[in-house]
Amino acid sequence: MKQGTVARNDRKARIWGMLCHLSSLLWIPLLIMGLPIPLANLAGPLMIWLNKRNKYPFVKVHGKESINFQISITLYATIILTIFTAFAWAFFILIGAINDFDPDSWLELFKLIEFWLWCIASMLGIFDSLLVTMASIAAQYGRHYRYPFTLRFLR
């Protein structure tokens, strides 16, 4: 057996490892239902990891990896959206000073900023979903997966 894999017949470990990753996508149906719950992407992996890490070493590895990635992606999203919002407000102030605070221009600027915030958030969500899918497939086949751009909070 190759290093970094789990026995093919340890089906339960592979399924729980896969669910550690897939459960981080819980935020998608919640968002569709109109329930944007903060940190919903961490709830599933954290619950599975806490309950199954002692029973399955494979789940311990995949759970930590999933949690680390979800914390990292949340941190990156917060930083990116905060910086973008700060620049937008600076732009608002600059345009407001030039246009003598015309309410119509403010409304248009708010719409533009909202559009770009949704674009950035959507790109981050797609990036997250693609990597989670790749990690889930690796876990289902009994392989370990390392997310790129991940800060290692849990070791």
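For clarity, every value in this text was computed on a predicted model and none was experimentally measured.

**Q** When you look at the pattern of salt bridges in this model, what are you seeing that I'm missing?
**A** Think of it this way: side chains of opposite charge can pair up when their charged atoms draw near. A full pass over the atoms with the stated rule returns two salt bridges. A salt bridge links Arg 152 to Glu 65, with the shortest nitrogen-to-oxygen separation between them at 2.8 Å. Linking Arg 152 in the segment after helix 5 (103-140) with Glu 65 in helix 4 (residues 57-98), this pair joins segments that are 87 residues apart in sequence. A relative accessible area of 22% places Arg 152 in the partly exposed class. By relative accessible area, Glu 65 is classed as buried at 5%. Here the salt bridges share partners, and the residues they tie into one network are Glu 65, Arg 146 and Arg 152.

**Q** What exactly am I supposed to notice about a nonpolar patch on the surface here?
**A** Together, Leu 75, Ile 79, Ile 83, Phe 87, Leu 151 and Phe 153 give the surface a local cluster of nonpolar side chains, amounting to about 560 Å² of exposed area. Note on placement: Ile 83 falls in helix 4.

**Q** Would you mind going over the side chain of His 21 with me for this structure?
**A** Following the sequence through the fold, His 21 ends up in helix 1 (residues 11-22). There is a polar contact of 2.7 Å between the side chain of His 21 and the side chain of His 62. A distance of 2.8 Å separates a polar atom in the side chain of His 21 from a polar atom in the side chain of Tyr 147. With near-sequence residues (within four places) excluded, His 21 lies in contact with His 62, Ser 66, Val 132, Ala 135, Ser 136, Ala 139 and Tyr 147.

**Q** Explain the nonpolar core here, please?
**A** A general tendency of soluble globular proteins is for nonpolar side chains to be buried together. If you look at the biggest cluster of nonpolar residues, it comprises nine residues: Leu 25, Phe 69, Ile 73, Leu 131, Val 132, Ala 135, Ala 138, Tyr 145 and Tyr 147. Of all the secondary-structure elements, those providing two or more residues to this core are helix 4 and helix 5. Beyond its immediate stretch of four places on either side in the chain, Tyr 147 contacts His 21, Glu 65, Ser 66, Phe 69, Leu 131, Val 132, Ala 135 and Arg 152. Of all hydrophobic cores here, the second largest spans seven residues; its members include Cys 20, Ile 48, Tyr 56 and Val 59.

**Q** Teacher, can you tell me more about helix 3 (residues 40-52) here?
**A** Along an α-helix, residues three or four apart share an orientation, since each turn contains 3.6 residues. Across its 13 residues, helix 3 extends 19 Å between first and last C-alpha, which sits within 8% of the 18 Å expected from 1.5 Å per residue. Among the residues of helix 3, Ala 40, Asn 41, Leu 42, Gly 44, Pro 45, Ile 48, Trp 49 and Lys 52 are the ones counted as buried.

**Q** Any chance you could explain the packing of aromatic side chains here in plain terms?
**A** Ring pairs (aromatic) are described by centroid distance and by the angle formed between their planes. Considering all chains together, one arrives at four aromatic pairs under this definition. Here the aromatic rings of Phe 69 and Tyr 147 are separated by 4.1 Å at their centres, their planes lie at 5°, and the arrangement is stacked. Of this pair, Phe 69 sits in helix 4 while Tyr 147 sits in the segment after helix 5, placing them 78 residues apart in sequence. With a centroid separation of 5.2 Å and an interplanar angle of 85°, the aromatic rings of Tyr 145 and Tyr 147 are classed as edge-to-face. Taking the relative accessible area as the measure of exposure, Tyr 145 reaches 15% and is therefore buried. Among the aromatic residues, those joined into a ring-pair cluster are Phe 69, Tyr 145 and Tyr 147. Taking the ring centre of Trp 49 as reference, the NZ or CZ of Arg 53 above it sits at 4.5 Å.

**Q** Quick question: what am I supposed to make of the layout of surface pockets here?
**A** Where empty space is left becomes clear once a probe the size of a water molecule has been rolled over the atoms. Taken as a whole, the largest pocket encloses approximately 750 Å³ of empty space. Lining the largest pocket are 24 residues, and of these Trp 27, Leu 31, Ala 77, Leu 81 and Ala 121 sit closest to its centre. Listed by contribution, the elements that provide at least two residues to the lining of the largest pocket are helix 2 (27-32), helix 3, helix 4 and helix 5. Ranked by residue count, the leading element in the lining of the largest pocket is helix 5, at ten residues. Taken together, the residues of the lining of the largest pocket sort by class into 16 nonpolar, six polar and two charged. Roughly 170 Å³ of internal volume is contained in the second largest pocket. Lys 60, Val 61, Lys 64, Glu 65, Asn 68, His 144, Tyr 145, Arg 146, Arg 152, Leu 154 and Arg 155 together form the lining of the second largest pocket. Of the residues in the lining of the second largest pocket, the class split is three nonpolar, two polar and six charged.

Conventions we followed
Residues numbered from 1 in each chain as written. Predicted model: local features only at pLDDT ≥ 70, side-chain atom pairs only at ≥ 80, totals over all residues. Heavy atoms only, no water. Salt bridge = Lys/Arg side-chain N within 4 Å of Asp/Glu carboxyl O. Helix = DSSP H or I, 4+ residues; strand = E, 2+ residues; numbered from the N terminus. Buried < 20%, exposed > 50% of the residue type's maximum accessible area, 1.4 Å probe, protein only. Patch = residues over 30% accessible without salt bridge, like charges linked within 9 Å, V, L, I, M, F, W, Y side chains within 5 Å. Areas by Shrake-Rupley, 256 points an atom, 1.4 Å probe, with all protein chains shown as cover. Polar contact = N/O pair within 3.5 Å; in protein donor to acceptor, adjacent residues only side chain to side chain. Contact = heavy atoms within 4.5 Å. Core = buried A, V, L, I, M, F, W, Y, C linked by side-chain atoms within 4.5 Å. Expected span 1.5 Å × (residues − 1). Phe/Tyr/Trp six-rings, centres within 6.5 Å; stacked < 30°, edge-to-face > 60°. Lys NZ or Arg CZ within 6 Å of the ring centre and 35° of its normal. 1 Å grid on protein atoms, 1.4 Å probe; cavity = no way out; pocket = protein on both sides within 12 Å on 5 of 7 lines; lining within 4 Å. Points joined across faces, edges and corners; volume = space filled by probe spheres on them. Nonpolar A, V, L, I, M, F, W, Y, C, P; charged D, E, K, R; others polar.

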